[in-house]
Amino acid sequence: MRTALLLTAALLSADAALAGRPLVTEDAGTVALGACELESYLARASASGEPSERLLSLQLGCGVRDDTQLALQHQRSRAGDHRQRGLSVGGKTRLVDGGDDAPSVALAYGLGASAETGRDGMSIDGQYLNGVVSWPLSGGLTLHGNLGWNRSRLAHQTSTAWALALEHADGGPLDLMGELFDDDRTHHPWVQAGLRWNVLSERLWLDASWGWQTGTRARAATVGLRLAF
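One numbering rule holds for all chains: residues counted from 1, following each sequence as written. Only residues with pLDDT of 70 or above have their local features reported here, since the model is predicted, and side-chain atom pairs are shown and tallied only from 80 upward, although totals for entire chains, interfaces and linings are computed over all residues. Hydrogens and water are ignored here; the side-chain numbers use all heavy atoms of the structure.

Trainee: Can you walk me through the overall build of the protein chain in this structure?
Mentor: Helix and strand definitions here come from DSSP, where helices need a minimum of 4 consecutive H or I residues and strands a minimum of 2 consecutive E residues; each element is numbered from the N-terminal end. From N to C terminus, the protein chain includes one helix and twelve strands. Ordered by position in the sequence, the α and β elements of the protein chain form the string α-β-β-β-β-β-β-β-β-β-β-β-β. For each residue, the accessible area found with a 1.4 Å probe, counting protein chains only, is set against the maximum for its type, and the residue is called buried under 20%, exposed over 50%, and partly exposed in between. Going through the 229 residues of the protein chain one by one, you find that 45% of them count as buried. Residue contacts are defined here by distance: any two heavy atoms, one from each residue, within 4.5 Å place the two residues in contact. A sequence separation of at least 24 residues applies to 48% of the contacts in the protein chain between residues at least 6 apart. Total accessible area on the protein chain is roughly 11,200 Å²; 60% of this is exposed by carbon and sulfur atoms. The Shrake-Rupley method, run with a 1.4 Å probe sphere, supplies the accessible areas, and residue values consider only the shown protein chains as cover.

In structure tokens:
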């Protein structure tokens, strides 16, 4: 089940738009103009009858306008004897800034390329377009929703993906979150829980997630860090 890690690593396979780890669900926030974030994580996924898959991701994203950020992401994955690397560029533009009291809306977009070990060069593969809403609720809760389109050129597949997440951040060092996401090809939503720890105030975060795919034995876990500068 090759989707096990891909769905956990990013809602869309080319996603490099700084999705607010450890959530897969994108949020409507953008990096401030002139600021940057370096993000890295390790992921492991397993499914019945398939070799476990491991992935290492490194990403750099910067605010290029008051309402827009761009990111470059490099990933390497391994499952049994199969190795793959990917490179993607993505962005996110905030269309509506609702602040702390009203919904914010953004559009995320990107393009990715991939190559298997032993092959020369990389092939353009994934493209995605994702609509994003973040809705502040009471008690430090925020509801995030996504609806998006993505295409894999190499797999000759187009799909529609959706995601919902609830995030609790009350100003303390720990943020808790849970989410549900799927696409129109699997019909087995993933359920995932996550934790984010702000180790250095607004500078360094550590995070972790664990999730499972309903109706299957697929499981996935991630650990990561994010540095703002």
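Trainee: Sorry, what's going on with the sheet that holds strand β1 (residues 36–47) here?
Mentor: To summarise the sheet geometry, strands pair through backbone hydrogen bonds and adopt either a parallel or an antiparallel arrangement. Pairing is antiparallel in the closed barrel, where twelve strands are placed in the order β1-β2-β3-β4-β5-β6-β7-β8-β9-β10-β11-β12. For this sheet, the mean angle separating the axes of adjacent strands, direction not counted, is 20°. By this definition, two strands are paired if DSSP reports at least two bridges between them. Direction of pairing for β1 relative to strand β2 (residues 50–65): antiparallel, over a ladder of eleven bridges. Bridge assignment links Ala43 to a residue of β2, and that residue is Leu55. Helix axes are fitted only over the stretch in contact, all axes being lines through C-alpha atoms; the angle between N-to-C directions runs from 0 to 180 degrees.

Trainee: Looking at this structure, I do not really get unusual backbone geometry. What am I missing?
Mentor: In most cases, non-glycine residues show a negative phi, while peptide bonds are predominantly trans. A cis amide bond links Arg21 to the next residue, Pro22, at an omega of 10°. Not every positive phi belongs to a glycine, and His187 is a case in point at roughly 55°. Tracing the backbone through its elements, the reader meets His187 in the loop between β9 (174–183) and β10 (190–200). Despite not being glycine, Glu202 shows a phi value in the positive range, around 55°. Checked against the element boundaries, Glu202 lands in the loop between β10 and β11 (204–213).

Trainee: Please clarify how the environment of Leu70 should be interpreted in this entry.
Mentor: Mapped onto the fold, Leu70 is located in strand β3 (residues 68–79). Contact partners of Leu70, with chain neighbours within four places excluded, come to Leu60, Gly61, Cys62, Val64, Gly90 and Gly91.

Trainee: For this particular structure, what's the right way to read the confidence of the model for the protein chain?
Mentor: Where the model shows low pLDDT, its predicted coordinates should not be examined in detail. Each residue carries a pLDDT score, the predictor's own confidence in it, on a scale running from 0 to 100. With 90% of its residues at a pLDDT of 70 or more, the protein chain has an overall mean of 88. Contacts for the low-pLDDT stretch residues 1–15, under 50 throughout, to residues beyond four places or in other chains number 56 contacts.

Trainee: So what exactly am I meant to see when it comes to a positive patch on the surface here?
Mentor: Like charges are joined within 9 Å and nonpolar side chains (Val, Leu, Ile, Met, Phe, Trp, Tyr) within 5 Å, but only among residues with over 30% relative accessible area and no salt bridge; these make up the patches. Each salt bridge in this description consists of a side-chain nitrogen of Lys or Arg and a carboxyl oxygen of Asp or Glu lying within 4 Å of one another. By the counting scheme adopted, Arg and Lys are positive, Glu and Asp are negative, and His together with the chain ends is not counted. Throughout, a charge is located at the NZ atom of Lys, the CZ atom of Arg, the CG atom of Asp or the CD atom of Glu. On the surface, Arg44, Arg54, Arg78 and Arg83 cluster together into a patch of positive charge. For Arg54, the location among the structural elements is in strand β2.

Trainee: Is there a simple way to explain the pattern of salt bridges in this structure?
Mentor: Two side chains with opposite charge may pair up if their charged atoms get near one another. With the rule as written, the count across this model stands at eight salt bridges. A salt bridge links Arg21 to Asp207; its shortest N-O distance comes to 2.4 Å. In this pair, Arg21 is assigned in the loop between α1 (3–9) and β1 and Asp207 in strand β11, connecting sequence segments 186 residues apart. Among the residues examined, Arg21 registers a relative accessible area of 6% and is labelled buried. A salt bridge links Glu167 to Arg196, with the nearest nitrogen and oxygen atoms 2.8 Å apart. Of this pair, Glu167 sits in strand β8 (residues 157–168) while Arg196 sits in strand β10; the two residues are 29 residues apart in sequence, bridging distant segments of the chain. Classification of Glu167 as buried rests on a relative accessible area of 12%. A residue is classified by how much of its surface remains accessible, and Arg196, at 6% relative accessible area, is buried. Beyond isolated ion pairs, a larger network of salt bridges with shared partners links Glu26, Asp27 and Lys92.

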